[in-house]
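Next come the chains, spelled out residue by residue.
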Amino acid sequence: MTDFSSPPPGSLPPGFVFGAATAAFQIEGGADEGGRGASIWDTFCRTPGRVLGGDTGDEACDHFHRYPEDIALLRELGVDSYRFSVSWPRIQATGSGPANARGIGFYNRLVDGLLDAGVEPAVTLYHWDLPQALEDTGGWRVRETAERFAEYTHLVAAALADRVPRWITLNEPWCSAFLGYADDHHAPGTREGTPALAAAHHLLVGHGLALQALRAAGVREAGITLNLDRITPASAGPRDVEAALRARTQRNLVWTEPLLRGRYPDSESDTWEDLIARPDFRRDGDLQLISAPLDFLGINYYTPSVVRAAPYREADAALRTAMDNRFEAVPVPGVRHTAMGWPVVPDSLHDLLVTLKEQYGAALPPVFLTENGSAEDDPAPVGGTVHDEPRIAYLRDHLAAVARAVADGVDVRGYYAWSLMDNFEWAYGYSKRFGLVHVDYDTLRRTPKDSYHWYRRLIAAHRGLVHGSDGTG
Ligand code: IFM
């Protein structure tokens, strides 16, 4: 029988927020409806060979029309909070100008529906769907995009701040900058060197400006979500240790140092010279703007990385900055891997949190796990459910790792399971399923999986509503 007592009730602090998360492009669909404009992901999906199976976000999970059903699923799940993202091109079709009333109307209805269901809304302002028109004028390579992002934030906050307590400016800017402009795995899908570093900086500037707009709107809590990685060297040899530092610099420190300490990292790196020194995209006062106090740091965690030193893979030196920084991942043997091929090492989540606390001390704000979950090769629904035991084990063991980090002094305030439902997994299209709820992409029928029922019972157990190791009370 599935164990509902791990992590045990009482092991997470009072008021701990249990949540579930999604993102607009991954679930909404309704791509041509309600005055929505095109985003870089619409363009990317239409570029042959970029997204597996030629999948698009045109219909996705049709949440744009089915949101009442999805709210009902959240209510039944019993989560305290639902993290969703606002689609920028639904609010401003071309990334500038007044708010599109129909776009605002959709999110107003969603927020009101959530509140009626007793679920607190948590908004992410940017989960990768940049209006294509802004990419056409330079995208995140140029500072103007950060300024447009602040205007967009102002519009969304003006409409929703009275009812949305928790706000996240950016989701995983590492992906936007480096997968988008260096590695070409994500939209807009280019392979550039220094422009990717400029994008990283402008994303942070955009965060700082958006934070100002959120403060002006009087929101209760504002933060940013980073996909921080627990990176360890493959050996104790100095070359691997240096390689791990280079990897940590790019993945973690380029974000945490400016945000939490108001400086770029001073780790050894050829690459970061550009980011740190270049006056053409850095302006006086930027680091002060970027390091304005956060109410929380959102962390998305899935899997750790073990890296070793490697020669540059890229022949063109101009393209070596950003991604190709002389390290490569090595396999993690002896552990289960998810359908993404990601090693499952829950202890790494504990270690990541504890190490962050050691590194930043009082400068580390309260933490929310804003995403954690696993893609699994689920069996087809049978008898009104999906038997997804590996996902239950993943969620259970990672929540237990969070509880251990709390016991070790890390101020973790909440946990959002990724994802409420199966959805568009970016370059993998619909081939990877992360959901607590199964989505049949032919009929769009939703079927809660065993993991959904497990999470519901766990939340209830932590509220003292059910007792006993199987949660049956
Ligand atoms: O689906 C994504 C999400 O959009 C951002 N974080 C990682 C998830 C799984 O890859």
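What counts and how
- Residues numbered from 1 in each chain as written.
- Predicted model: local features only at pLDDT ≥ 70, side-chain atom pairs only at ≥ 80, totals over all residues.
- Heavy atoms only, no water.
- Helix = DSSP H or I, 4+ residues; strand = E, 2+ residues; numbered from the N terminus.
- Rg over C-alpha atoms; globule rule 2.2 N^0.38 Å.
- Buried < 20%, exposed > 50% of the residue type's maximum accessible area, 1.4 Å probe, protein only.
- Core = buried A, V, L, I, M, F, W, Y, C linked by side-chain atoms within 4.5 Å.
- Contact = heavy atoms within 4.5 Å.
- Near = heavy atom within 4 Å.
- Polar contact = N/O pair within 3.5 Å; in protein donor to acceptor, adjacent residues only side chain to side chain.
- Areas by Shrake-Rupley, 256 points an atom, 1.4 Å probe, with all protein chains shown as cover.
- Nonpolar A, V, L, I, M, F, W, Y, C, P; charged D, E, K, R; others polar.
- Pairing = 2+ DSSP bridges.

### So, the overall build of the protein
Helix and strand content of the protein: 15 helices and 13 strands. A compact globule built from 473 residues would reach a C-alpha radius of gyration of about 23 Å, and the protein, at 21 Å, matches this within 12%. Each of the three principal axes of the protein carries a C-alpha extent, and together these read 60 × 55 × 45 Å. A total of 473 residues make up the protein; the buried ones form 62% of that total.

### A closer look at the nonpolar core
Formed by 143 residues in total, the largest nonpolar core has its most connected members in Trp-41, Tyr-126, Trp-140, Trp-167, Phe-178, Trp-255 and Tyr-455. The element contributing the most residues to this core is helix α9 (residues 194-216), with 11 residues. In contact with Tyr-126, not counting residues within four places along its chain, are Ile-40, Trp-88, Trp-140, Phe-149, Thr-169, Leu-170, Asn-171, Ser-176 and Leu-203. Within the second largest apolar cluster, seven residues are counted, among which are Ala-243, Ala-247, Val-307 and Ala-309.

### A closer look at the environment of Leu-179
By the secondary structure assignment, Leu-179 is in helix α8 (residues 173-181). Note on Leu-179: relative accessible area 11%, which makes it buried. When residues no more than four places from it in sequence are discounted, the contact partners of Leu-179 are Trp-174, Asp-184, His-185, His-186 and Met-323.

### Side note on the environment of Ala-247
Secondary-structure assignment places Ala-247 in helix α10 (residues 238-261). On the accessibility criterion, Ala-247 (2% relative accessible area) is buried. Sequence separation between Ala-247 and Arg-446 is 199 residues; the distance between their C-alpha atoms is 39 Å. For Ala-247, the residues in contact, after removing those within four places along its chain, are Ile-231, Val-307 and Phe-327.

### Points about the site of the ligand
Taken together, the residues surrounding the ligand are Gln-26, His-127, Trp-128, Asn-171, Glu-172, Tyr-302, Trp-342, Glu-371, Trp-418, Glu-425, Trp-426 and Phe-434. In this structure, a nitrogen atom belonging to the ligand sits 2.5 Å away from a side-chain N or O atom of Glu-371. The contact in question runs from an oxygen atom of the ligand to an N or O atom on the side chain of Trp-426, over 2.8 Å. Notes on the ligand: free accessible area 280 Å², of which the protein chains cover 94%. A class-by-class count of the residues in the shell around the ligand yields six nonpolar, three polar and three charged.

### What about the pairing of strand β10 (residues 367-371)?
By the criterion of burial, β10 is predominantly enclosed, with five of the five residues buried. With four bridges joining them, strand β7 (residues 296-300) and β10 adopt parallel strand pairing. Within the sheet, the bridge partner assigned to Ile-299 lies in β10 and is Leu-369. Bridge analysis of β10 against strand β11 (residues 412-418) gives three bridges, and the strand direction is parallel. Residue pairing in the sheet places Leu-369 in a bridge with Tyr-415 of β11.

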